[in-house]
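# Remarks on the overall topology
Letter by letter, the chains look like this.
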Amino acid sequence: MEHNGSTAQPPAGQEPSTGDLVKQLSEQVSVLVRGELKLAQLEMTRKGKQAGLAALYGVACLLACVVIALSGAVAAWLAALIVGVALLAVSAAAALLGKGRLQKATPAVPEQAIGSVKADVEEIRERAHP
């Protein structure tokens, strides 16, 4: 298998040093992990959009059902107005709750991923310098 990276290849007939091999390994693992994370992100984004669209249609049908049910007791325009005002009130409450939670939240830091990367780097260092 040929490596087309930016790392310098040893002259013909010489074996690469341990340091060169470790460097190549870390570069290749880094590229592989980034590629896998990007693929997972794209897949989850696509699945999330599909689920969100289905949920949106479901909510719209339920809201139409509520308007139709209310229109039996009041005029249809008034039923739609009542549902609209109720939705705005719920949205405002959710926004205020979300804002409060966001202000209390700590900065999003992938602590497990950072710990795992540090452990990997330490392991490579230990193996590179016996």
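Structure's up top.
Everything quoted here is computed from the prediction, not taken from an experiment.

### So, the overall build of the protein chain
A count of helical and extended segments in the protein chain gives three helices and zero strands. Mapped from its N terminus to its C terminus, the protein chain presents α and β elements in the order α-α-α. The buried share among the 130 residues of the protein chain stands at 3%.

### Structural notes on the state of the cysteines
Going through the model one piece at a time under the given rule, you end up with zero disulfides. Cysteine C61 shares no disulfide, and the gap to the nearest cysteine sulfur, in C65, comes to 8.6 Å. In this structure C65 comes out as exposed when scored by relative accessible area, which is 52%.

### Let's talk about the layout of surface pockets
If you add up the space inside the largest pocket, you get close to 300 Å³. Residue lining of the largest pocket: L25, S26, V29, S30, V33, R34, S116, V117, D120, V121 and I124, and that is the complete set. Ranked by residue count, the leading element in the lining of the largest pocket is helix α1 (residues 18-70), at six residues. Residues that form the lining of the largest pocket fall into these classes: six nonpolar, three polar and two charged.

### Some thoughts on the pattern of salt bridges
Counting across every chain of the model gives one salt bridge. Put simply, K47 and E43 hold a salt bridge, and the shortest N to O gap is 3.0 Å. A residue pair is termed a helical-turn pair when its members lie 3 or 4 positions apart in one helix, as K47 and E43 do in helix α1 at four residues.

### Regarding the packing of α1 against helix α2 (residues 76-104)
One way to put it is that α1 packs onto α2 with a least axis distance of 8 Å and a crossing angle of 135°. Considering their axes alone, α1 and α2 lie oblique with respect to each other. α2 is crossed by α1, and the crossing has right-handed handedness. On α2, the residues touching L63, V66, V67 and L70 of α1 are A76, A79, A80, I82, V83 and L87. Residue composition of the contact of α1 with α2, by class: ten nonpolar, no polar and no charged.

What counts and what doesn't
- Residues numbered from 1 in each chain as written.
- Predicted model: local features only at pLDDT ≥ 70, side-chain atom pairs only at ≥ 80, totals over all residues.
- Heavy atoms only, no water.
- Helix = DSSP H or I, 4+ residues; strand = E, 2+ residues; numbered from the N terminus.
- Buried < 20%, exposed > 50% of the residue type's maximum accessible area, 1.4 Å probe, protein only.
- Disulfide = S-S within 2.5 Å.
- 1 Å grid on protein atoms, 1.4 Å probe; cavity = no way out; pocket = protein on both sides within 12 Å on 5 of 7 lines; lining within 4 Å.
- Points joined across faces, edges and corners; volume = space filled by probe spheres on them.
- Nonpolar A, V, L, I, M, F, W, Y, C, P; charged D, E, K, R; others polar.
- Salt bridge = Lys/Arg side-chain N within 4 Å of Asp/Glu carboxyl O.
- Axes fitted to C-alpha atoms, helices over the stretch in contact; angles between N-to-C directions.
- Parallel < 35°, antiparallel > 145°, perpendicular 65-115°, else oblique.
- Left-handed = near helix turned anticlockwise from the far one by under 90°.
- Contact = heavy atoms within 4.5 Å.

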